[in-house]
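The lines below spell out each chain.
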Amino acid sequence: MTTWRRPGPWLVGLVVCVVVGAGVPAWTQGRVAARYAVGAADLAAGRAALDTLDVRGRAPSTGYARERFGQAWADTDRNGCDTRNDVLRRDLTQPAVEHCVVMSGTLDDPYTGVRIAFTRGPGSAEVQIDHVVALSDAWQKGAQGWSAVQREAFANDPANLLAVDGPANQEKGAGDAATWLPPNRGYRCVYALRQVRVKAAYGLWVTAAERDALDRELGRCVVGVARSP
C-alpha cells in the first residue's frame, strides 16, 4: 500500500513561476518573468521532490470512477462551504458570495492567460475546478491502494485544485505532464512544480516520460522574486 502524507501549507502558497519559451522575444520574456516569478527555494524544493518520486509504468485504470474519491466537492474542512466554492472564492478576483455560493467574479486564468468573467448560471462551466494531478492519473499511480478517506481528502485538497478555463480543463482531461501542459507557457513552471510536490506529498509515482517532461519544465524556470498570491 502506498504511504499517504498530507501536504503541508507550502504548496498552497505556490502560485507563480516563469518559463522561457524558444523563440519568444526578450520583451515578452521580461513581462512573463514579472508576472510568474519563482523563488530559488521553491525551485530547489521542487527539484528535490522530483528526485524522490518513484518511476514506474502506469497501472491499469480498471476500477476507476469519480465516486472512488468520495462525494464531489465535499466540505472536508468543515467550514460550511463545499470545496468548489472555497476554491472559486480563493481564485477569483472580487468574488460576490451569497451563503457560501460564489455568484460572480473574475478569473485571471493561469492555463490560458485570458481573463474570464464568471457568473453563476448557464455559463458556469466556463470556469471549472481542475485537479492539477488528475484523479484518474492518481488512481493509476498509487491511489488505488489508499483508503476511501484518503482519496476523498486528496480530491478536495486545495493544494491540488485550481479554478481554470473550462475548455482548457476539458482538453487536459486525465493527462499528466507528458501528455498535456498549459497553453500559457509562462505558467508551465509553476504547473510542473505543483504536480511534483503534490505527487511527492501523497506518495504517487510518475512514468519515465512524465518525469522527463517535469524535469524539462523545471529546467526552463527563471528564478526571480516570488510574489504573494
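This text follows the structure it describes.
Participant: Which parts of the structure should I look at to understand the overall build of the protein chain?
Facilitator: Scanning the protein chain from terminus to terminus reveals eight helices and five strands. Going from N to C terminus, the protein chain has its helices and strands arranged as α-α-α-β-β-β-β-α-α-β-α-α-α. The buried share of the protein chain, taken over its 229 residues, is 47%. Sequence separation of 24 or more characterises 73% of the internal contacts of the protein chain that already satisfy a separation of 6 or more. For the protein chain, the exposed surface amounts to about 10600 Å²; the carbon and sulfur share of it is 53%.

Participant: Explain the layout of surface pockets to me, please; I cannot follow it from the model alone.
Facilitator: To find leftover empty space, one rolls a probe the size of a water molecule over the atoms. In this structure, the second largest pocket encloses a volume near 370 Å³. If you go around the second largest pocket, you meet 16 residues; those closest to its centre are Ile-129, Asp-130, His-131, Asn-169 and Gln-170. Of all elements in the fold, only β4 (127-131), α4 (135-140) and α6 (166-172) reach the threshold of two or more residues within the lining of the second largest pocket. Ranked by residue count, the leading element in the lining of the second largest pocket is β4, at four residues. Among the residues making up the lining of the second largest pocket, the classes are represented as seven nonpolar, six polar and three charged.

Participant: Looking at this model, I keep getting lost on helix α7 (residues 188-202). Mind explaining?
Facilitator: The α-helix winds at 3.6 residues per turn, so residues separated by three or four positions along the chain end up facing the same way. With 15 residues, α7 should reach 21 Å at 1.5 Å per residue; the first-to-last C-alpha distance of 21 Å fits that figure. Counting buried positions over the 15 residues of α7 gives 15, a clear majority of the element. Positioned one or two residues after α7, Gly-203 has a phi angle of 70°, which is positive.

Participant: Explain the pattern of salt bridges to me, please; I cannot follow it from the model alone.
Facilitator: Two side chains of opposite charge can pair, provided their charged atoms sit close to one another. A complete count under the given rule lists 16 salt bridges for this structure. Taking the shortest distance from any N to any O, the salt bridge between Arg-56 and Asp-54 comes out at 3.3 Å. Take Arg-56: its relative accessible area is 42%, and that puts it in the partly exposed class. The salt bridge partner of Asp-86 is Arg-89, with a shortest N-O separation of 2.7 Å. Of this pair, Asp-86 and Arg-89 both sit in helix α3 (residues 83-91), three residues apart, roughly one helical turn. Assessed through its relative accessible area of 14%, Asp-86 is described here as buried. Taking the relative accessible area as the measure of exposure, Arg-89 reaches 31% and is therefore partly exposed. Overlapping salt bridges, with partners in common, bring together Arg-58, Asp-137, Lys-141, Asp-176, Lys-199 and Glu-210 in one network.

Participant: What is the right way to read the packing of helix α2 (residues 40-52) against α7 from this model?
Facilitator: Their axes nearest at 9 Å, the elements α2 and α7 cross at an angle of 50°. Here α7 runs oblique to α2, going by the angle between their axes. Judged by the sense of rotation from one axis to the other, the crossing of α2 with α7 is left-handed. Contacts between α2 and α7 involve Asp-42, Leu-43, Ala-45, Gly-46, Ala-49, Leu-50 and Thr-52 from the former and Leu-193, Val-196, Arg-197 and Ala-200 from the latter. Among the residues forming the contact of α2 with α7, the class breakdown is seven nonpolar, two polar and two charged.

Reading the values: the criteria
Residues numbered from 1 in each chain as written. Predicted model: local features only at pLDDT ≥ 70, side-chain atom pairs only at ≥ 80, totals over all residues. Heavy atoms only, no water. Helix = DSSP H or I, 4+ residues; strand = E, 2+ residues; numbered from the N terminus. Buried < 20%, exposed > 50% of the residue type's maximum accessible area, 1.4 Å probe, protein only. Contact = heavy atoms within 4.5 Å. Areas by Shrake-Rupley, 256 points an atom, 1.4 Å probe, with all protein chains shown as cover. 1 Å grid on protein atoms, 1.4 Å probe; cavity = no way out; pocket = protein on both sides within 12 Å on 5 of 7 lines; lining within 4 Å. Points joined across faces, edges and corners; volume = space filled by probe spheres on them. Nonpolar A, V, L, I, M, F, W, Y, C, P; charged D, E, K, R; others polar. Expected span 1.5 Å × (residues − 1). Salt bridge = Lys/Arg side-chain N within 4 Å of Asp/Glu carboxyl O. Axes fitted to C-alpha atoms, helices over the stretch in contact; angles between N-to-C directions. Parallel < 35°, antiparallel > 145°, perpendicular 65-115°, else oblique. Left-handed = near helix turned anticlockwise from the far one by under 90°.

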